[in-house]
Amino acid sequence: MRRSIPFAALAVSAALVLTACGGSAGSGEEETPEATESAPAADGGTITVWVDETRQAAVEEAAAVFEEETGATVELVLKNFEDIRTDFLAQVPTGEGPDITVGAHDWLGELTANGVVAPIEIGDMAGEFEPVSIEAFTQDGQVYGLPYAVENIALIRNTALAPEAPASWDDAVAAGTAAGTQFPLLIQVSEEGDPYTMYPLQTSFGAGVFEQNDDGTYAPELALGGEPGNAFAGWLAEQGAAGVLDTAVTYDIAVAAFAAGDSPFIIGGPWMIESFPGLDLAIDPIPSAGGEPARPFVGVAGFYLSAQSENAILANDFLVNYMSTEEAQLALYEAGNRPPALTAAADVASEDPVTDGFRAVGADAFPMPSIPEMASVWEFWGVTEAGIISGSLEPTAGWEKMVTDIQGALDAA
Amino acid sequence: MSSQLTTQRVEPEPAESPRTSHARTWSAGFLAKLALLAVVDAFGVYVVLAAWNERSFGILWSMVALLAAANYVYFSKRALALKYILPGLAFLLVFQIYVVFYTGYVAFTNYGDGHNSTKEQAVEALLVQNERRVEGSESFPLVVVSDGGELGFAIVDADGDVEAGTADRPLAGVDDASVDDGVITAVPGFELVDRQGVLERQDEVTALRVPVSDDAEDGSIRTTDARTGYVYESVLVYDEAADTMTDTTTGVVYAPNDDGQFEAEDGSTLAVGWRVVVGFDNFVTAFGDARYAQPFVAILLWTFAFAILSVLTTFLLGLFLAITFNEDRLRGRRIYRTLMILPYALPPFLAALIWSGLLNRRFGFINEVLLGGAEIPWLTDPTLAKLAILGVNLWLGFPYMFLICTGALQAIPGDVLEAAQIDGAGRVRTWRSVVLPLLLVATAPLLISSFAFNFNNFTLVYMLTGGGPRFADASVPLGHTDILITMVYSISGIDGNAPRNYGLASALSIVIFVIVGTISAIAFRRTRSLEDIN
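Since this is a predicted model, take the numbers as computed values, not measurements.

**Thoughts on the sheet that holds strand β14 (residues 253–256) of chain B**
Residues and elements named next belong to chain B.
Then comes step 1: Ordered by their spatial adjacency, four strands build an open sheet running β12-β13-β14-β15, and the pairing between neighbours is antiparallel. In this open sheet, the two strands that pair with only one neighbour each are β12 (236–239) and β15 (262–263).
Then comes step 2: As paired elements, β12 and strand β13 (residues 244–247) share four bridges and run antiparallel to each other. Looking across to β13, one finds that Val237 is bridged to Thr246.

**So, empty space enclosed by the protein**
All names here are of chain A.
Then comes step 1: Per the stated rule, a full pass over the model turns up five cavities of 30 Å³ or more.
Then comes step 2: The calculated volume of the second largest cavity comes to roughly 40 Å³.
Then comes step 3: Lining the second largest cavity are Phe183, Leu185, Leu186, Ile187, Val244, Asp246 and Val249.
Then comes step 4: Per-class residue counts for the lining of the second largest cavity are six nonpolar, no polar and one charged.

**Some remarks on helix α15 (residues 378–390) of chain A**
All names here are of chain A.
Then comes step 1: The end-to-end C-alpha separation of α15 is 18 Å, in line with the 18 Å expected for 13 residues at 1.5 Å each.
Then comes step 2: Among the residues of α15, those classed as buried are Trp378, Glu379, Phe380, Trp381, Gly382, Val383, Thr384, Glu385, Ala386, Gly387, Ile388 and Ile389.
Then comes step 3: Each element contacted by the buried residues of α15 is listed here: α8 (195–203), α9 (226–242), β13 (297–306) and α16 (395–412).
Then comes step 4: Taken from the residues just after α15, Gly391 is the one with a positive phi, measuring 90 degrees.

**Quick word on the UniProt feature "transmembrane region" (unreviewed entry) in chain B**
Then comes step 1: Here the UniProt feature "transmembrane region" (unreviewed entry) sits at residues 30–52, 58–75, 84–108, 299–323, 335–355, 387–412, 433–453 and 502–524 of chain B.
Then comes step 2: Summarising residues 502–524 of chain B: 100% helix, 0% strand, and an end-to-end C-alpha distance of 32 Å.

**A look at the domain arrangement of chain A**
Residues and elements named next belong to chain A.
Then comes step 1: Under the domain assignment, chain A is made up of domain 1 (7–151 + 299–367) and domain 2 (154–295 + 371–412).
Then comes step 2: Listed per partner, the contact involves 13 residues of domain 1 and 18 residues of domain 2.
Then comes step 3: Summed over both sides, the interface of domain 1 with domain 2 buries roughly 1500 Å², with 69% coming from carbon and sulfur.
Then comes step 4: In terms of surface lost to domain 2, no three residues of domain 1 exceed Phe358, Val361 and Phe366, which account for 41% of the buried area on that side.
Then comes step 5: At the boundary of domain 1 and domain 2, one finds one salt bridge.
Then comes step 6: As a salt-bridge pair, Arg295 and Asp364 come within 3.9 Å of each other at their nearest N and O atoms.
Then comes step 7: Our count for the contact surface shared by domain 1 and domain 2 stands at two residue pairs in polar contact (both at pLDDT 80 or more).
Then comes step 8: Of all the secondary structure elements, the ones that give two or more residues to the side of domain 1 that touches domain 2 are α5 (108–113), α14 (353–362) and β14 (366–367).
Then comes step 9: It is α14 that provides the largest number of residues to the side of domain 1 that touches domain 2, a total of four residues.

**A look at the domain arrangement of chain B**
How big an interface is tends to be stated in terms of the accessible area lost upon association of its parts.
All names here are of chain B.
Then comes step 1: Each assigned domain of chain B is listed with its residue range as follows: domain 1 (28–107), domain 2 (131–257) and domain 3 (288–531).
Then comes step 2: Inter-centroid distance (C-alpha atoms) of domain 1 to domain 3 is 38 Å.
Then comes step 3: In this complex, domain 1 contributes four residues to the contact, which on the side of domain 3 involves six residues.
Then comes step 4: At the boundary of domain 1 with domain 3, total buried surface from both sides reaches about 310 Å², with 77% on carbon and sulfur atoms.
Then comes step 5: When the buried area of domain 1 at its contact with domain 3 is split by residue, Thr103, Val106 and Ala107 rank highest and sum to 92% of it.
Then comes step 6: Seen at the junction of domain 1 and domain 3, the total is zero salt bridges.
Then comes step 7: Taken together, domain 1 and domain 3 are joined by zero residue pairs in polar contact (both at pLDDT 80 or more).

**Details of the confidence of the model for chain B**
Then comes step 1: Summary statistics for chain B give a mean pLDDT of 84 and a share of 94% for residues scoring 70 or more.
Then comes step 2: Per-element confidence in chain B ranges from a low mean pLDDT of 41 for helix α1 (residues 2–10) of chain B to a high of 92 for helix α13 (residues 382–411) of chain B.

**As for the packing of aromatic side chains**
Then comes step 1: For the structure shown, the criterion picks out 40 aromatic pairs over all chains.
Then comes step 2: Ring geometry for A:Phe258 and A:Phe276: centres 4.7 Å apart, planes at 65 degrees, overall edge-to-face. You can see A:Phe258 sitting in helix α10 (residues 251–259) and its partner A:Phe276 sitting in the loop between β11 (265–268) and β12 (281–284), a full 18 residues away along the chain.
Then comes step 3: On the basis of relative accessibility, which here comes to 3%, the residue A:Phe276 falls in the buried class.
Then comes step 4: Considering the side-chain rings of B:Phe458 and B:Tyr462, the 5.0 Å spacing of their centres and the 15 degrees angle between planes classify their relative orientation as stacked.

**Structural notes on a negative patch on the surface**
All names here are of chain B.
Then comes step 1: Judged by side-chain charge, Glu138, Asp159, Asp161, Asp175 and Asp176 come together as a negatively charged surface patch.
Then comes step 2: The topology assignment puts Asp161 in the loop between β3 (150–156) and β4 (162–166).
Then comes step 3: Since its relative accessible area comes to 44%, Asp161 is described here as partly exposed.

**Overview of the sheet that holds strand β8 (residues 154–158) of chain A**
All names here are of chain A.
Then comes step 1: Taken in spatial order, the three strands make up an open sheet running β11-β8-β12, and their pairing is antiparallel. Each of the sheet's edge strands pairs with one partner strand only, and the pair in question is β11 and β12. Strand-to-strand twist of the sheet, defined as the mean angle between neighbouring strand axes without regard to direction, takes the value 30 degrees.
Then comes step 2: Where α10 meets the sheet, it contacts β8, β11 and β12, and its direction lies at approximately 140 degrees from that of β11.

**Considerations on the interface of chain B and chain A**
Then comes step 1: Each side of the interface is counted separately: chain B has 83 residues, and chain A has 82 residues.
Then comes step 2: The junction of chain B with chain A conceals about 6700 Å² of combined surface from both sides, 56% of it contributed by carbon and sulfur atoms.
Then comes step 3: Here chain B and chain A share eight salt bridges between them.
Then comes step 4: Here B:Arg362 makes a salt bridge to A:Asp246, at a shortest N to O gap of 2.2 Å.

**Quick word on the packing of helix α2 (residues 28–54) of chain B against helix α3 (residues 57–75) of chain B**
All names here are of chain B.
Then comes step 1: Closest axis-to-axis distance for the α2/α3 pair is 8 Å, and the angle between their directions is 165 degrees. Overall, the two elements α2 and α3 adopt an arrangement that is roughly antiparallel. Considering the relative orientation of α2 and α3, their crossing is left-handed. Contact with α2, carried on its side by Phe30, Lys33, Leu34, Leu37, Val40, Asp41, Gly44, Val45, Val47, Val48, Ala51 and Trp52, involves Phe57, Ile59, Leu60, Met63, Val64, Leu67, Asn71, Tyr74 and Phe75 of α3 and no other residues of that element.
Then comes step 2: Considering only residue class, the contact of α2 with α3 consists of 17 nonpolar, two polar and two charged.

**Some thoughts on the environment of A:Ala301**
Residues and elements named next belong to chain A.
Then comes step 1: Its location among the elements puts Ala301 in strand β13.
Then comes step 2: Accessibility expressed as a relative area gives 9% for Ala301, which makes it buried.
Then comes step 3: Through-space distance from the C-alpha of Ala301 to that of Glu75 is 20 Å; in sequence the pair is 226 residues apart.

**Looking at helix α15 (residues 427–455) of chain B**
Then comes step 1: Over its 29 residues, α15(B) extends only 36 Å from the first C-alpha to the last, a length that falls short of the 42 Å expected when each residue adds 1.5 Å.
Then comes step 2: Along α15(B), the sharpest kink reaches roughly 50 degrees, centred on B:Thr443 and followed within four residues by the proline B:Pro445.

Scoring rules and cut-offs
- Residues numbered from 1 in each chain as written.
- Chains lettered and ligands numbered in written order.
- Predicted model: local features only at pLDDT ≥ 70, side-chain atom pairs only at ≥ 80, totals over all residues.
- Heavy atoms only, no water.
- Pairing = 2+ DSSP bridges.
- Helix = DSSP H or I, 4+ residues; strand = E, 2+ residues; numbered from the N terminus.
- 1 Å grid on protein atoms, 1.4 Å probe; cavity = no way out; pocket = protein on both sides within 12 Å on 5 of 7 lines; lining within 4 Å.
- Points joined across faces, edges and corners; volume = space filled by probe spheres on them.
- Nonpolar A, V, L, I, M, F, W, Y, C, P; charged D, E, K, R; others polar.
- Expected span 1.5 Å × (residues − 1).
- Buried < 20%, exposed > 50% of the residue type's maximum accessible area, 1.4 Å probe, protein only.
- Contact = heavy atoms within 4.5 Å.
- UniProt positions renumbered as here; feature names shortened; annotations may be inferred.
- Domains from an automatic or database assignment.
- Buried area = accessible area lost by both parts, 1.4 Å probe.
- Salt bridge = Lys/Arg side-chain N within 4 Å of Asp/Glu carboxyl O.
- Polar contact = N/O pair within 3.5 Å; in protein donor to acceptor, adjacent residues only side chain to side chain.
- pLDDT = per-residue confidence, 0-100.
- Phe/Tyr/Trp six-rings, centres within 6.5 Å; stacked < 30°, edge-to-face > 60°.
- Patch = residues over 30% accessible without salt bridge, like charges linked within 9 Å, V, L, I, M, F, W, Y side chains within 5 Å.
- Areas by Shrake-Rupley, 256 points an atom, 1.4 Å probe, with all protein chains shown as cover.
- Lys, Arg positive; Asp, Glu negative; His and termini not counted.
- Charge placed at Lys NZ, Arg CZ, Asp CG, Glu CD.
- Axes fitted to C-alpha atoms, helices over the stretch in contact; angles between N-to-C directions.
- Parallel < 35°, antiparallel > 145°, perpendicular 65-115°, else oblique.
- Left-handed = near helix turned anticlockwise from the far one by under 90°.
- Bend = angle between axes of the 7 residues up to and from the residue.

Structural data, given as structure tokens:
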């Protein structure tokens, strides 16, 4: 008899595992209907919101106001930001996703193509947001997300090492060399390349990524190639040969070196700032390498509404009437340090010169393309840049092959 | 030892003996079993109820079946063997069979970007995406009302008058309605639905369209937050009977095609598609896409080379160390052995990440400190990158081999070696004819499983080189150190660098499974000949 006890225990754990399976398959939404059904009198409904760690506290704050005024419950589920897009795509069709999730605007094309997001109606409030933030979340005339932050890269300058903003790339390299630090200028390249960070330098040669329509939206036609693209590729090879750009410099190395005062300049975004305590920083426009203005990508962070939400009214109410307030947007600003999307909140945040600096650079930036075709571009793009910088690829031939390969991937998809 | 076990197992066989069954006595053990099964049943019932709530009938019926089986097995005296097997079977069912069948199913569908959900949801998404707010139209303060259970909207129009209507009755002015500070507080002929009521019928409220007038061209009022209404008009209309979508602005009719999309006669399709079974299409793509054919051969060869060399190098080093530290004359063997196992204690993905930092061309510890600033491209030169992967895997893997070899060596009975000595065999001869065969009998199955593991050693490749450096001549983002599993990861788009294609990924993983399975089966068959030595 005694022998069967461990086996019974095993059976319990087997059942636990099954429950866990049932639970994971049904969690999230599972609790929602139960909550509304069991205590309808005291309860104003429940919505589930996916957030990442940086934004958790800020959303919690806005949710508290919402809960107090409407009697609803907001359940926050903490997720890794990198996992959200995939999980959202996979779980919404099964009815198990959240009602609302945080996300980036450049997911939009993919999310709408898969039918997992619903448009939101922000009505006349659209005018109260930074125009680029609403444009970024707009597709076919419909707004699909409530923006809360605008982010872009700029030139971060250590004023102790370089008192003045450089006018051009060559100025920056000269000033950096004159400063006598280990690196004249820091820019993360890494072995796989970093086309996002290199983009402003590419645009300064007049080469974009996709053709832009008159209204600023992107058409699925590549704009990487041609004369401007080849000029940029040639410049990459020169800088790589001169040692200014180096594939051994990764994000971590670049940030650590700048924090240690090894260079007066680094090209990066507001997310780097907290790694530089004690440095006196100024934010400047990115110096142009090819003669035209160096315009980075601007990314907009916002909240998406699930197309399968069973609590659409509550979720819309929360987004449109609570997350769009100045307090909520400022709380998100404090948490993430990116300029808010709501103009009134952005004006308050701009009292900080660093935020103001990034905002000024962003005013001139291009929104990151959100068309689904963008997914096929990154990997070819980065590796080619890295190859040209390290000298393993011949610049013109390498760049042209990249354009052909991306076109091939687009045609195959 | 083994013979003792056998006799014990045989013992309960005369089950028809007059001994009372375990299941029938009220011993302490029986009560314990009863309590544990009660807990199991309670969990089972909870899962069944949760599944019922979710309408997940697959989970529900499997759980009911499992529960019935568990109760029968543990209370019946006829199911003795199953008492031991059932927990394992349950695990097998959940973790293996289900996953295998689901992967198999997905491999025959076009599940991926643009074909993410069911047709029903795709239709719903298309309709919602193609419903536009009438340009320049106003927003109206709105309340939800009901007329004998039928929901409707009441709005305050531009002139400040109240209008109300339902899905069948277009908006019409209502006299004597009261408005307090822009909020409607009473509408004669209708009941106001309070917030609680709205929340209970959210789906109905968001789906409700109240026509502005008898003319459908004028659009209809809808709301997303039950506080404000807007005038919308639909661009796409779904005809359920004909199963077609019609674009009201152009008049183009879209009908579903075999790929799970709505297609017009000119071949243009609507954006959102759904999952359909596509037969062997994914397998055809896996082998038929010209862009993949050439890198596929290189990657297949490297995968075999990587897996075989990894097993070989780690085994040889582990064996060598095991023999060395098995020598009685060596002092401090325990300390050495503990140190040897250290790499085994680190999580492999962390170790691979650290190594990729150590091997950085310019700032890595190995180049900068050990080699005095030699900028050796460990991870970016095709040959060196392969060597680096094998080297790091050797570092990661030899402790395991060291452990199993030490165990196997110590398990070889001393009398066998003594007998060899008496027979006049020298050290080398003893080693070759006695120790090595006995060692291989014990370790061969582990070597095969190690081969299977390294064949799919995703973590190491992904964390150390990311598959790079890239093939300079290929038109797809694959590299010299990519193995089959990282290739699947890359071309299926799960890493976010290509449009996702779960169907293709599943098809490719089935191909990999067939390769690994075949090799393992052959290898296991061959190891049987080793066992004849016993």
